[in-house]
Structures are given as C-alpha cells and as structure tokens.
Amino acid sequence: MKTTGGTDDQKRRAGERAAAEVEDGDVVGLGTGSTAAHAIRALGRAVDEGLDVVGVPTSFDSRQLAREAGIPLRALDEIERIDLAIDGADQLDAALNAVKGGGAAHAREKVVDAAAERFVVVADPSKTAEALSHPVPVEVLPDARPAVERDVAALGGDPVLRRAERKDGPVVTDNGNLVLDCDFGAIAEPAALASDLAAVPGTVEHGLFVGLADAAYVGTDDGVEVRTRD
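Reference entry: report on the structure contained in this document. Since the structure is predicted, the reported quantities are computational estimates derived from the model, not experimental observations.

1. Here's the deal with the overall build of the protein
From N to C terminus, the protein includes six helices and 13 strands. Its C-alpha atoms give the protein principal-axis dimensions of roughly 55 × 35 × 35 Å. Residue burial in the protein is summarised as follows: out of 230 residues, 49% are buried. A separation threshold of at least 6 residues defines the contact pool for the protein, and within that pool the share at least 24 residues apart is 75%. With an accessible surface of roughly 10,500 Å², the protein has 45% of that area assigned to carbon and sulfur atoms. With 24 positive and 42 negative side-chain charges, the protein shows a spacing of 4 Å between the two charge centroids.

2. Comments concerning the packing of aromatic side chains
Throughout the structure, instances matching the rule amount to zero aromatic pairs. In this structure, Lys100 is placed above the aromatic ring of Phe209, and the distance from its NZ or CZ to the ring centre is 5.5 Å. Over the aromatic face of Phe209 sits the side chain of Lys110, whose NZ or CZ is 4.9 Å from the ring centroid.

3. Notes on the pairing of strand 6 (residues 116-123)
Within strand 6, six of the eight residues are buried, which leaves it mostly tucked inside the rest of the structure. Alignment of strand 6 against strand 12 (residues 215-219), held across four bridges, turns out to be parallel. The residue of strand 12 that forms the bridge with Val122 is Tyr217.

4. Observations regarding the nonpolar core
Grouped together as the largest cluster of nonpolar side chains are 23 residues, with contacts concentrated most on Val22, Leu43, Ile71, Ile86 and Val120. Only helix 1 (8-19), strand 1 (27-30), helix 2 (34-48), helix 3 (60-69), strand 3 (82-87), strand 6 and strand 12 provide two or more residues apiece to this core. If you tally residues by element for this core, the top one is helix 2, at six residues. If near-sequence neighbours (up to four positions away) are discounted, Ile86 is found in contact with Ala18, Ala19, Val22, Val28, Gly29, Leu30, Gly31, Ala36, Ala39, Val120 and Val122. Counting 19 residues, the second largest nonpolar core, distinct from the first, contains Val138, Leu178, Leu180 and Leu197.

Parameters at a glance
- Residues numbered from 1 in each chain as written.
- Predicted model: local features only at pLDDT ≥ 70, side-chain atom pairs only at ≥ 80, totals over all residues.
- Heavy atoms only, no water.
- Helix = DSSP H or I, 4+ residues; strand = E, 2+ residues; numbered from the N terminus.
- Buried < 20%, exposed > 50% of the residue type's maximum accessible area, 1.4 Å probe, protein only.
- Contact = heavy atoms within 4.5 Å.
- Areas by Shrake-Rupley, 256 points an atom, 1.4 Å probe, with all protein chains shown as cover.
- Lys, Arg positive; Asp, Glu negative; His and termini not counted.
- Charge placed at Lys NZ, Arg CZ, Asp CG, Glu CD.
- Phe/Tyr/Trp six-rings, centres within 6.5 Å; stacked < 30°, edge-to-face > 60°.
- Lys NZ or Arg CZ within 6 Å of the ring centre and 35° of its normal.
- Pairing = 2+ DSSP bridges.
- Core = buried A, V, L, I, M, F, W, Y, C linked by side-chain atoms within 4.5 Å.

See the structure below:
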C-alpha cells in the first residue's frame, strides 16, 4: 500500500489505537492506505487471539491484506450493518473533514464509511491541516472525462488525469473508471464544493468526505492524539 509522509511508527500507533476499539461480534469497515493497513494487521492479530469479527474491505488491497491477516470477510451487500469503519486520509482538517482517494478507492470507501455506525480516521501529523487544500480525487466514467474536466474547471478547479506509475496510461479504479486529481487550492467551504462536485454528470464519486468522521486518531512520536467532531 502507498506510503507518503509521516513515520511508520506514527501510522502504526494510530492504526493500532483504532483497532483497539473493535469489540467481539463487530462488523468492521476496512479502509485503504498505509495507516489503515496497520489497523488491519492489528485486527488480524486479535482474530488470532480469539476476537470474533467480520471485515468489509474497501479495495482490492485491503481485501488482500485482510485475507493475509486471517480476518473473515464479507461483501457490503452480504451484511446488515457496519459497526465501525477505520480508514485513512490524504488530508484532514480541524473539523474532521477529509480528502481521500490517494489509492483511487474513495468511491467504495465512502459507501462503507457512510454506512458505518461509527467512522474513525487514522492518520499521521503530516496529513493534518487547519483547512483542506489537497487536490480532490474525482472518479469519472471514462467517456465522460472531457465533460467532467470542463465542469471542474468551471468550478475553479484544475483537473489532471492521474497516470499510472508502472504502466503506460492512466490509473484505472477497481470499478473500471478514471481518476481526475482536481486542485482547488485552499477549500473555504468543503460542504459546498462536495455538493457541486456530486452534481457534475459523469462523476462516480469525489474524494471530499464532509461530516462523516466521528473521530480521528493521529499517531505522534510518543502516542496518539484523539480528535472528535464538535
């Protein structure tokens, strides 16, 4: 899983702190990214020790890692509830709004995170900011890309097609779509931008997670900072 910013120890502390919240019998949403990966590994160790949980993965990567960790898995349409979702973020603001999608899994992540009774973000200090300014990933239908790019530009954004690192051509999501990384600069009103992006025809999902997180665990060099939504 992609690792950017922060130290591995910071990420481990955050992931393990979130995993410690899981109780026997819980259905857990398993997020994507290097910090969420630590939570998945910690849950796998707890399962080895007898914890009874079911995981709902948000991506190919989280599914593979959970399988390796020995966590029983179910698809979203096979379960009736999600007790807790644990997921990372590319950036997290003071109000616990987040930009997600660095792993191009934000569409499935948002479905799982929004369905959960409780959603916690795990992060390292490099991901925190007073206000969001990270480019917003937007998953788009391939044929709609030019139209979406025009609409994003009209909203004040600078859309860039995400290119794959180890092959020629663009990144393709688990859903078979493309990703535009849309730079809006400092985002003064995340909720308004989220609404505007959701209304763009051809958009499958955007990476603004507004008002969804109940808490955030930010791993530091000597512990975990717990943040809650006011």
